[in-house]
Amino acid sequence: MIDALGQPQSAVVLGGTSDLAGAIVQALVRRRCRSVVLAGRDEQRLAASAATASAAGAEHVSIVRFDALDVGDAARAVDDAFAAALDAAGGVDLVLLAVGVLSREREELDPARTAEVVTATYSWPATALTRAAALLREQGYGRIVVLSSVAAMRVRRQNFVYASAKAGLDTFSVGLSEALRGTGVAVQIVRPGRVPTKMTEGLPSAPMSSTPDAVADAVVAGLESGAPVIWVPPAARWAMGLARLVPQALWRRVPG
Amino acid sequence: MPDASFAPTARLLCGWGRAGATSGLVWTPRHDDEVAELLSKADDPGIIARGLGRSYGDAAQSAGGTVVDTTLLDHVGGVDVHGEVEVGAGTSLDTLVRRTLPQGWFLPVTPGTRQVTVGGAIAADVHGKNHHADGGFARHVTAMTVATPTGVHRVSSTRDPELFWATAGGMGLTGIVTSARIRMLAVSTDRMLVDTDRFFDLDAVMTAMEEGDARYRYSVAWVDCSGSAERTRPGGRRGPKVGRAVLTRGDHAGIEHVPAPEQPRAALAAARVPRPHLRVPRHVPGGLLNRLSIAAFNEAWFRRAPARRKNELQSMWKFFYPLDGVAEWNRLYGPLGFLQYQFAVPPGRGDVVRAAIGTLSSRRIPAFLAVLKRFGPSSPGPLSFPMPGWTLALDIPIGSEGMGRCLDRLDEMVAEAGGRVYLAKDSRLRPDLVTTMYPRLEELRAVRRRVDPRGVLRSDLSRRLDLG
Ligand SMILES: Cc1cc2nc3c(=O)[nH]c(=O)nc-3n(C[C@H](O)[C@H](O)[C@H](O)COP(=O)(O)OP(=O)(O)OC[C@H]3O[C@@H](n4cnc5c(N)ncnc54)[C@H](O)[C@@H]3O)c2cc1C
Ligand SMILES: NC(=O)c1ccc[n+]([C@@H]2O[C@H](COP(=O)([O-])OP(=O)(O)OC[C@H]3O[C@@H](n4cnc5c(N)ncnc54)[C@H](OP(=O)(O)O)[C@@H]3O)[C@@H](O)[C@H]2O)c1
């Protein structure tokens, strides 16, 4: 059961092999979390993430498999993850959505890649969250934490396919949060700047960057305060507020 | 169900702290047999009683489950010559005292608000300012009727004492109390005779309480946690010290203590129980109560108190219920809500009280006035909170940075000292410390296995802390 400071005892992670999710799970386990369900596509990477979560102190860790390119399978994946959590912990306190694929420059010329990025970053997550929201409503409470991105706030040439999908997911999450008011289920959106993880491997450093641990600490603190949007670093909130006012001609020349 | 008009409504429920709301199906039975029927049909994820929702956390709610609102079980019998009265468990202490005071009977034990039910007072075995003298609420319950999933039992401290005491402080986890017989306290006026003393630091007030509390029926100290020992003001002057305090102690006034011209109004036949005269608006912005506003309030409050006053006549309403004048004052904390941290430690561990106040003030976590009291002997209830020694309670707004970890560390200190956190106030305790703090939890579980073998009596609290 979740507590008044938003700290879960049971978490379902969609994108269980994500580096950011790994850091967040460790931080949650240090507080209250005892049961974790990791959902992902790759058996080996899932096993490695599970081992890390156990080593951090999680008492039950289970694994569910899915492929985010198969949108039709999203509801099944969520159902399986909830069933595993129900078995281990009697319910789901927190759903963390960490699935996503970053598009790189010049990939936008490839329609198949665009479809992949949009499907794994927007269509599958939105579908899965719709199912998760329904199950949490039935349960009578719960939190949904969605890893969005500052990229969703203002588009750039370098990763615009990803950014457009994140913008869709971010807007979807704001709407879902509104739709769930008064049900006991709450949605919180995390908007990190660039973080060194396997997703951003090989990319140059950018302004507004942080670390997986900083994101994890911000999420734990955000659960506690209930902030609808969690910016990491916090200054990203003001920077992106300003960025939206900058004319495109100037924005084009801002590094990032 | 026997009657088609007896139907549930889905509602979002939270405790007095207004955080952590969950949605459940609320039934409001009008008769004891409806309670029994709900219990016999109860299923996953559980069923739990709810009184007036004055517990601060998640004790009286059950996400996705059944919540039994007891407030229509509110019959009040006549007071017999021994001062005993049989009341429905949903009766509020406010209603009860309105009925009995004109005949000279007051509550034997009262929490800081009258807006709690008799069932809630039993389930938390609530304490008043007289715990060191008179024990907890359940000690004044001579018998009660407990409906369980396996049947209805009339119990007392001699008839099925295991169920009686497991229910006293059992947070609703042994069944639903439908009615109780309470031994009231004889009083002759609605006035209190009060001594007030002001202290500039915590050690002084604690010494005064250790030495003098035995001479008074009621005693409580309000401690300012917003000061800081380290802080120096511009110009090098030291700021207010941590833990300055106002101690009020007293007893009921006899009619002879009241000046003759006042006597007709102090006599109980004329007693008027006040109603709230202020109400907090429905929408209060967050952050209204922050470190600064709380410190300013505490400052004003400390300065208003007299340095020393003896035998002052006060109305019992002001003495017992300073907060009941403002309805829904919990809304002042804004949309995020707040929590109350209350713990008890053994007599020799006043250092934990000092450390708790020191920690909160040095980490700049805004805390309103803390309430400090001495407890007398524990009751036989395995989950009853009071234990001989000190108890400290503080209200803290949710959202102040680092509060969660800070309280986790306080939990550890309290557990290490052999103390415990009050479940009726709790919304965030470290679950791994429950069995250390409540070493007799297994006795409650044994009673539960007997009266609730399917384990359907469950609340969000019991799930969060694994009490079942
Ligand atoms: C301003 C304020 C001051 C307070 N001061 C004090 C104080 O000085 N001392 C103190 O001890 N407490 C104090 N409290 C706490 C309060 O007295 C307890 O939480 C009490 O249990 C609340 O009663 P309720 O009817 O609102 O119960 P609820 O909050 O609705 O329920 C509390 C618990 O009682 C159980 N319960 C309720 N009715 C029944 C029933 N009929 N049968 C079985 N279980 C039942 C519920 O399941 C739940 O576990 C204070 C609270 C407030 C808001
Ligand atoms: N790193 C950053 O700078 C940054 C900044 C802002 C927001 N974010 C967001 O944070 C989240 C986590 O990112 P991260 O940095 O931790 O990167 P990551 O380690 O690459 O995490 C991405 C996750 O998505 C999963 N995934 C991708 N495609 C999938 C598919 N087809 N089927 C199933 N799972 C799939 C990955 O699984 P595999 O392990 O199997 O690949 C991985 O678990 C993402 O939503 C990302 O957009 C990241």
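As a starting point, this report considers the structure included with it. What you see is a predicted model; the values in this text were computed from it and never measured. (Residues numbered from 1 in each chain as written. Chains lettered and ligands numbered in written order. Predicted model: local features only at pLDDT ≥ 70, side-chain atom pairs only at ≥ 80, totals over all residues. Heavy atoms only, no water.)

## Describing the overall build of chain A
And then number 1: Scanning chain A for helices and strands turns up eight helices and seven strands.
And then number 2: Computed over its C-alpha atoms, the radius of gyration of chain A comes to 17 Å, within 12% of the 18 Å expected for a compact globule of 256 residues.
And then number 3: For chain A, the spread of C-alpha atoms along the three principal axes comes to 55 × 35 × 35 Å.
And then number 4: Out of the 256 residues in chain A, the part that is buried amounts to 52%.
And then number 5: In chain A, 73% of the contacts between residues at least 6 apart in sequence involve partners at least 24 apart.
And then number 6: For chain A, the distance from the average site of its 26 positive side-chain charges to the average site of its 24 negative ones is 9 Å. (Helix = DSSP H or I, 4+ residues; strand = E, 2+ residues; numbered from the N terminus. Rg over C-alpha atoms; globule rule 2.2 N^0.38 Å. Buried < 20%, exposed > 50% of the residue type's maximum accessible area, 1.4 Å probe, protein only. Contact = heavy atoms within 4.5 Å. Lys, Arg positive; Asp, Glu negative; His and termini not counted. Charge placed at Lys NZ, Arg CZ, Asp CG, Glu CD.)

## So, the overall build of chain B
And then number 1: When its secondary structure is counted, chain B shows 14 helices and 20 strands.
And then number 2: For chain B, the C-alpha radius of gyration of 22 Å lies close to 23 Å, the compact-globule estimate for 468 residues.
And then number 3: Taking the principal axes of its C-alpha atoms as reference, chain B extends roughly 75 × 55 × 45 Å.
And then number 4: For chain B, buried positions account for 60% of its 468 residues.
And then number 5: Taking all contacts inside chain B whose residues are at least 6 apart in sequence as the whole, residues at least 24 apart take part in 75%.

## Structural notes on the site of ligand 1
Residue and element names in this part refer to chain B.
And then number 1: Contacts to ligand 1 come from 34 residues, most closely from Ala49, Gly51, Arg54, Ser55 and Thr117.
And then number 2: A distance of 2.6 Å separates an oxygen atom of ligand 1 from a polar side-chain atom of Ser55.
And then number 3: Within the backbone of Ala59, one N or O atom sits 3.3 Å away from an oxygen atom of ligand 1.
And then number 4: Considered on its own, ligand 1 offers 950 Å² of accessible surface; in the complex 95% of this is hidden by protein.
And then number 5: Those elements giving two or more residues to the shell around ligand 1 turn out to be β3 (47-50), α3 (118-123) and β9 (176-183).
And then number 6: In terms of residue class, the shell around ligand 1 is made up of 19 nonpolar, twelve polar and three charged. (Near = heavy atom within 4 Å. Polar contact = N/O pair within 3.5 Å; in protein donor to acceptor, adjacent residues only side chain to side chain. Areas by Shrake-Rupley, 256 points an atom, 1.4 Å probe, with all protein chains shown as cover. Nonpolar A, V, L, I, M, F, W, Y, C, P; charged D, E, K, R; others polar.)

## Focus: the site of ligand 2
Residue and element names in this part refer to chain A.
And then number 1: Inspection of the region around ligand 2 gives 28 residues, with Thr17, Arg45, Tyr162, Val195 and Thr197 positioned closest.
And then number 2: Thr17 places a polar side-chain atom, nitrogen or oxygen, 2.5 Å from an oxygen atom of ligand 2.
And then number 3: Contact between ligand 2 and Ser18: an oxygen atom at 2.8 Å from a side-chain N or O atom of the residue.
And then number 4: Alone, ligand 2 offers 860 Å² of accessible surface; in the complex the protein occludes 96% of this.
And then number 5: Of all elements in the fold, only α1 (19-31) and α5 (160-179) reach the threshold of two or more residues within the shell around ligand 2.

## Remarks on the sheet that holds strand β8 (residues 151-155) of chain B
Residue and element names in this part refer to chain B.
And then number 1: One open sheet holds the four strands; their spatial order is β5-β9-β7-β8, and the pairing between them is antiparallel. Taken across any chain shown, the strands that pair with only one partner, and hence form the sheet edges, are β5 (84-88) and β8. Taking the axes of each pair of neighbouring strands and ignoring which way they run, one obtains an average angle of 10° across the sheet. (Pairing = 2+ DSSP bridges. Axes fitted to C-alpha atoms, helices over the stretch in contact; angles between N-to-C directions.)

## A look at the pairing of strand β7 (residues 141-148) of chain B
The two faces of a sheet get side chains in turn, since along a regular strand they alternate between them.
Residues and elements named next belong to chain B.
And then number 1: Burial within β7 is extensive, with seven of its eight residues counted as buried.
And then number 2: Inspection of the sheet shows β7 paired to β8 by five bridges, in the antiparallel sense. Note that in β8 the partner of Thr145 across the bridge is Arg154.
And then number 3: Adjacent in sequence and paired antiparallel, β7 and β8 are bridged by two residues.

## What about the sheet that holds β3 of chain B?
Residue and element names in this part refer to chain B.
And then number 1: In spatial order, the strands read β1-β2-β4-β3; together these four strands make up an open sheet with mixed pairing. Looking along the sheet, the strands with just one partner apiece sit at the ends: β1 (9-13) and β3. Geometrically, the sheet is characterised by an average inter-axis angle of 40° between neighbouring strands, direction not taken into account.
And then number 2: Bridge count between β1 and strand β2 (residues 22-27): five bridges; the pairing is antiparallel. Following the sheet pairing, Leu12 is matched in β2 by Ser23.

## Remarks on the environment of Ala270 of chain B
Residue and element names in this part refer to chain B.
And then number 1: Turning to its location among the elements, Ala270 is positioned in the loop between α7 (263-266) and β14 (278-279).
And then number 2: What makes Ala270 partly exposed here is its relative accessible area of 43%.
And then number 3: As a C-alpha pair, Ala270 and Pro102 span 168 residues in sequence and 7.1 Å in three-dimensional space.
And then number 4: Residue contacts for Ala270: discarding those within four places in its chain leaves Pro264 and Arg265.

## Here's the deal with the pattern of salt bridges
And then number 1: Enumeration according to the criterion identifies 45 salt bridges over all chains in this entry.
And then number 2: A salt bridge links Asp80 of chain B to Arg181 of chain B; the shortest N-O distance between them is 3.0 Å. On the criterion of sequence distance, the pair formed by Asp80 of chain B in the loop between β4 (66-69) and β5 and Arg181 of chain B in strand β9 is long-range, its members being 101 residues apart.
And then number 3: Asp80 of chain B gets classed as partly exposed once you look at its relative accessible area, which sits at 24%.
And then number 4: Residue classification places Arg181 of chain B among the partly exposed residues on the basis of a relative accessible area of 23%.
And then number 5: With a shortest N-O distance of 3.0 Å, Arg349 of chain B and Asp351 of chain B are connected by a salt bridge.
And then number 6: Residues participating in the shared-partner salt-bridge network are Asp3, Arg31, Arg32 and Glu224 of chain A together with Asp408, Asp411 and Arg428 of chain B. (Salt bridge = Lys/Arg side-chain N within 4 Å of Asp/Glu carboxyl O.)

## Let's talk about the interface of chain A and chain B
And then number 1: Listed by partner, the interface residues are 19 residues for chain A and 26 residues for chain B.
And then number 2: Of the roughly 1,800 Å² buried at the junction of chain A and chain B (both faces included), carbon and sulfur atoms supply 55%.
And then number 3: Taken as a group, Met1, Ala4 and Arg32 of chain A account for 31% of the area that chain A buries against chain B, more than any other trio of residues on that side.
And then number 4: Run the count over chain A and chain B and you get three salt bridges.
And then number 5: The closest approach of N and O atoms between Arg32 of chain A and Asp408 of chain B, which form a salt bridge, is 2.8 Å.
And then number 6: Taken together, the links from chain A to chain B amount to nine residue pairs in polar contact (both at pLDDT 80 or more).
And then number 7: Listing elements by their share of the side of chain A that touches chain B, those giving two or more residues are α4 (111-139) and α6 (212-225) of chain A.
And then number 8: Per-class residue counts for the side of chain A that touches chain B are five nonpolar, eight polar and six charged. (Buried area = accessible area lost by both parts, 1.4 Å probe.)

## Focus: empty space enclosed by the protein
Empty space among the atoms becomes visible once a probe the size of a water molecule is rolled across them.
And then number 1: Scanning all chains against the criterion turns up four cavities of 30 Å³ or more.
And then number 2: Of the voids in this model, the largest cavity is the one considered here, and its volume is about 80 Å³.
And then number 3: Around the largest cavity, the lining residues are Met1, Ile2, Asp3 and Ala4 of chain A together with Ala19, Gly20, Thr22, Gly57, Asp58, Gln61, Ser427 and Asp460 of chain B.
And then number 4: When the residues that make up the lining of the largest cavity are grouped by side-chain class, the tally is four nonpolar, five polar and three charged. (1 Å grid on protein atoms, 1.4 Å probe; cavity = no way out; pocket = protein on both sides within 12 Å on 5 of 7 lines; lining within 4 Å. Points joined across faces, edges and corners; volume = space filled by probe spheres on them.)

## Brief notes about a positive patch on the surface
And then number 1: The grouping of Arg30 of chain A together with Arg363, Arg405 and Arg409 of chain B at the surface amounts to a positive patch.
And then number 2: With respect to the helices and strands, Arg30 of chain A occurs in helix α1.
And then number 3: Residue classification places Arg30 of chain A among the exposed residues on the basis of a relative accessible area of 54%. (Patch = residues over 30% accessible without salt bridge, like charges linked within 9 Å, V, L, I, M, F, W, Y side chains within 5 Å.)

## Structural notes on the packing of helix α10 (residues 350-362) of chain B against helix α11 (residues 403-416) of chain B
Residues and elements named next belong to chain B.
And then number 1: Viewed as axis vectors pointing N to C, α10 and α11 meet at an angle of 170°, and their least axial separation amounts to 11 Å. One way to sum up the angle between α10 and α11 is to call them roughly antiparallel. Contacts between α10 and α11 involve Val352, Ala355, Ala356, Thr359 and Leu360 from the first element and Cys406, Leu410, Met413 and Val414 from the second.
And then number 2: Of the residues in the contact of α10 with α11, the class split is eight nonpolar, one polar and no charged. (Parallel < 35°, antiparallel > 145°, perpendicular 65-115°, else oblique.)

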